[in-house]
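One-letter residues, chain by chain:
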Amino acid sequence: MHRRVYAHRSWNEHDDRDTERKVSFKNQLSKKSRRQKGWDSKIRAALLDEDDVDMIAHTQHFSGRNKNYVRGLGRRGGQRMSRDSPVPRVRKLQESAGHWYKVVIQKASKYEKQYLYQTILNYIKPTPLIPYGFSKSSDDVVFFVDNYETGQKLLSADKKITANDGWKLSIHVRPNFPNINMDETIKERIKLVMSKRYNVHNKALNLTKFHADPDFMKADLLIALNRPHILTEVVRIIAESIPDIMALDLSDNNLSIIEPLRTLAEKAPNFKILHLGKNMFRSVHYFEVLKALTIEELVLDNNPLCNKYSNQDVYVRDVRKRFPKLIKLDDCVLPREISFDLEETHKLKPSQGSFLCDPSGGEIVRQFLEQYYTLYDSNSRAPLVDAYRENALFSLTSTNANSLSAYASDSRNLYHTPRGKNGLLRRGRESIIAFIESLPQTQHDPTSFAVDLSFFTPKLLILSICGVFREVGLKLPIRAFNRTFIIVPTGSGFCIVNDLLHITIATSEQAKDQFKTTADTPTPSTPNAAVQSASVISPVVVSPEAEISRRQQMVSSFAMQSGMNIIWAEKCLNETNWDYDRALFVFAELQKQGTIPAEAFVK
């Protein structure tokens, strides 16, 4: 009598009757989960499949109690199966970032290399097969391929190739970087291969598809340049053995690294031609590290980065940003780039503390500054009235800082001046002197002065001074100033027609070495001394040599402007006390009257 079994009860009794035994797995729950449905058909299909499971693709889904364990049983090669679909037999090879694939043929060391190679090639043809780094490890045969299609074909051939002894070849393929032990023997062999590939006449080194060199293949060595330590060793050999190299071809090496080449900027100064075609560079940003190289000819075609550009001009522009000296790109001569770069043979002149456009004006400038700032730093600035022309102009500007509040209200900032652009412009000598006397008493450091005489003629000179000063009796930061004078000759001296003064706080660099040669407590000039100096400011006393040079320039300029000869030009200037403007006025009036003799114009 058969015993009834209920779905909600467990069955654990032994039945030793002679009837056919059945195996059943029953859940204690009344309802089956969706994951459990259809397992019988899947397990039967799996048991009928003689192929190995691609564990590389599935390892990440299987781990003990991992919730993906059950889900993983329903997939093969990353594909989801329907409940009763047959298991796919084609496994997909994962792509390698380094484009190298390791091939292991289990228990194949008993076969000769050539026989094994020919047997596999006959099965996968017309797909090419080039085994690199062929070796036998224990009972297995190991080699590498650098082609994805070849790797996929070898993976698909697993247990489908029968050897002459009836053994089915078990072929395993996975992405892997070749491991090269860089010992002295390998270094010497690399150096030997490089020496055979170097053209002494052209000073060019051809390392195209370096790993496929016959010497390496014959010795079953895999020397892959896309391994950083291999490329570094190659660059070291170049720097030591052929520093006069001009051209290097690294095409077709699966390169995606290039940093080791940057040392050639110093080690190989003549290096100008670089071929990097048929590699794996995905962006021009890879070449930022090579900016120091003066590359003039570059090949980048057949790299992934080339597919990113639909516009050739944009491509050329981006490459030129990294190689500004580039003349030829991908065998095409580039148009000359419009640039403001100076040629290497042109060197910028060294900076100067001061500048004189005409050395003959140096003595005049020195005496003017000495006399002006002696009076400006005295107890009274009133004697400076004679230094300004009757209709002179003056303006002051300052930076917006709390410690410069004494200047802020009179600072002529054109964007914030309430009375318009002329509101704070001082006109006339009396107005100018009244204003500068209201400013804090100062002490300038002449050793800090940087003077630029930017324009110098007998009729006009433009003078700029920058330096530092401090306010007497106040513990405030040292000030920095920049002042521009426009000066014209008057009689035997000079007068200021325009004065622009800018004041700010000195930087630490400006202030650190100033006022070292003066006393901490300044002693300004006495009023009497200032008055005595006042007579000097209007007729600035200059050396005889400087005065002669100045007058000669005035005569030449006046003769050219008036049309008179040198003798009469000098006579006119002398009679007007060497006042150039007055001499021009007198000449114009006399010419209107027709009183200038004809001989004055004979040259």
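Please read these numbers as outputs of a predicted model, since none were measured by experiment. (Residues numbered from 1 in each chain as written. Predicted model: local features only at pLDDT ≥ 70, side-chain atom pairs only at ≥ 80, totals over all residues. Heavy atoms only, no water.)

## Section: the overall build of the protein chain
So, point 1. The secondary structure content of the protein chain amounts to 18 helices and 21 strands.
So, point 2. Burial analysis of the protein chain (603 residues in total) assigns 38% to the buried set.
So, point 3. Here the analysis covers contacts within the protein chain between residues at least 6 apart in sequence; of these, 67% occur between residues at least 24 apart.
So, point 4. Surface exposure of the protein chain reaches about 36,100 Å², of which carbon and sulfur atoms provide 52%. (Helix = DSSP H or I, 4+ residues; strand = E, 2+ residues; numbered from the N terminus. Buried < 20%, exposed > 50% of the residue type's maximum accessible area, 1.4 Å probe, protein only. Contact = heavy atoms within 4.5 Å. Areas by Shrake-Rupley, 256 points an atom, 1.4 Å probe, with all protein chains shown as cover.)

## Topic: the packing of helix α6 (residues 184-196) against helix α8 (residues 228-241)
So, point 1. Interhelical geometry of α6 versus α8 gives an angle of 60 degrees and a closest axis separation of 11 Å. Comparing the axis directions of α6 and α8 gives the class oblique. As for the relative orientation of α6 and α8, their crossing is right-handed in sense. Residue-level contacts link K187, I190, K191 and M194 of α6 to E233, V234, I237, I238 and S241 of α8.
So, point 2. Counted by class, the contact of α6 with α8 contains five nonpolar, one polar and three charged residues. (Axes fitted to C-alpha atoms, helices over the stretch in contact; angles between N-to-C directions. Parallel < 35°, antiparallel > 145°, perpendicular 65-115°, else oblique. Left-handed = near helix turned anticlockwise from the far one by under 90°. Nonpolar A, V, L, I, M, F, W, Y, C, P; charged D, E, K, R; others polar.)

## Concerning the sheet that holds strand β5 (residues 140-145)
So, point 1. Taken together, four strands build an open sheet; the order of strands is β4-β5-β3-β6 and the sheet is antiparallel. Strand pairing shows two members of the sheet lacking a second neighbour, β4 (132-137) and β6 (170-175), which therefore form its edges. On average, adjacent strands in this sheet sit at an angle of 20 degrees to one another, irrespective of strand direction.
So, point 2. Of the pairings in the sheet, the one linking β4 to β5 comprises four bridges and is antiparallel in character. Bridge pairing links Y132 to F144 in β5. (Pairing = 2+ DSSP bridges.)

## Re the sheet that holds strand β11 (residues 297-299)
So, point 1. Ordered in space as β7-β8-β9-β10-β11-β12-β13, the seven strands form an open sheet in which the pairing is mixed. Here the strands that pair on one side only, and so sit at the sheet edges, are β7 (198-199) and β13 (332-333).

## Quick look at the pairing of strand β3 (residues 101-106)
Consecutive side chains of a regular strand alternate in pointing toward one face of the sheet and then the other.
So, point 1. Here β3 pairs with β5 via five bridges, running antiparallel. The partner of V103 across the bridge, within β5, is F143.
So, point 2. With six bridges joining them, β3 and β6 adopt antiparallel strand pairing. Pairing of K102 across the sheet is with R174, part of β6.

## Description of the pattern of salt bridges
So, point 1. Here the structure, examined in full by the defined rule, presents 19 salt bridges.
So, point 2. Across the salt bridge formed by K113 and D220, the nearest N and O atoms sit 2.7 Å from each other. Of this pair, K113 sits in helix α4 (residues 113-124) while D220 sits in the loop between α7 (214-218) and α8, and the two are 107 residues apart along the sequence.
So, point 3. Overall, K113 belongs to the partly exposed group, its relative accessible area being 33%.
So, point 4. Using a relative accessible area of 27% as the deciding quantity, one classes D220 as partly exposed.
So, point 5. The closest approach of N and O atoms between E363 and R366, which form a salt bridge, is 2.8 Å. With E363 and R366 both in helix α11 (residues 362-376) and three residues apart, this pair spans about one turn of that helix. (Salt bridge = Lys/Arg side-chain N within 4 Å of Asp/Glu carboxyl O.)

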